[in-house]
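Here are the chains, one letter per residue:
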Amino acid sequence: MKIYFHGTADEISRVADRPLLVLLTARDLPRMRVFELYHSRIHAYPRLEHYRLCAAMTETTDEGRNL
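If you're wondering where the values come from, they're calculated on a predicted model, not measured in any experiment.

### What to know about the overall build of the protein
Part 1 of the argument: When helices and strands are counted, the protein shows 1 helix and 4 strands.
Part 2 of the argument: If you list the helices and strands of the protein from N to C, you get β-α-β-β-β.
Part 3 of the argument: Relative to its full complement of 67 residues, the protein shows a buried share of 27%.
Part 4 of the argument: Long-range pairs, those at least 24 residues apart, make up 39% of the contacts in the protein between residues at least 6 apart in sequence.
Part 5 of the argument: Summed over its atoms, the accessible surface of the protein is roughly 5,200 Å², and 53% of this surface lies on carbon and sulfur atoms.

### Re the sheet that holds strand β2 (residues 20–24)
Part 1 of the argument: A sheet is described by the order of its strands in space; here 4 strands give the open sequence β1-β4-β3-β2, paired in antiparallel fashion. Unpaired on one side and paired on the other, β1 (2–7) and β2 mark the two borders of the sheet. Going across the sheet, the axis of each strand differs from the next one's by a mean of 40°, ignoring polarity.
Part 2 of the argument: In this structure, β1 lies alongside strand β4 (residues 50–60), joined through 6 bridges in antiparallel fashion. Residue pairing across strands places His6 opposite Arg52, the latter belonging to β4.
Part 3 of the argument: Against the sheet, helix α1 (residues 9–16) makes contact with β1, β3 (32–45) and β4, and its axis sits at roughly 145° relative to β1, the strand it touches most.

The rules behind these values
- Residues numbered from 1 in each chain as written.
- Predicted model: local features only at pLDDT ≥ 70, side-chain atom pairs only at ≥ 80, totals over all residues.
- Heavy atoms only, no water.
- Helix = DSSP H or I, 4+ residues; strand = E, 2+ residues; numbered from the N terminus.
- Buried < 20%, exposed > 50% of the residue type's maximum accessible area, 1.4 Å probe, protein only.
- Contact = heavy atoms within 4.5 Å.
- Areas by Shrake-Rupley, 256 points an atom, 1.4 Å probe, with all protein chains shown as cover.
- Pairing = 2+ DSSP bridges.
- Axes fitted to C-alpha atoms, helices over the stretch in contact; angles between N-to-C directions.

Here it is as structure tokens:
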């Protein structure tokens, strides 16, 4: 699955520096879902001070194994 994050340089760097991403799901509360990000790349739009992180992600278990 592909995912895109839009934000400032600071916000994008916080996401890009992490190999795992934890998302809380509303319908499955209190369950958390863990995703591994890979093949990430950042597109910069300096005139607008806007950045976009594009990455593929795969859901993993708590032990880091792909589902």
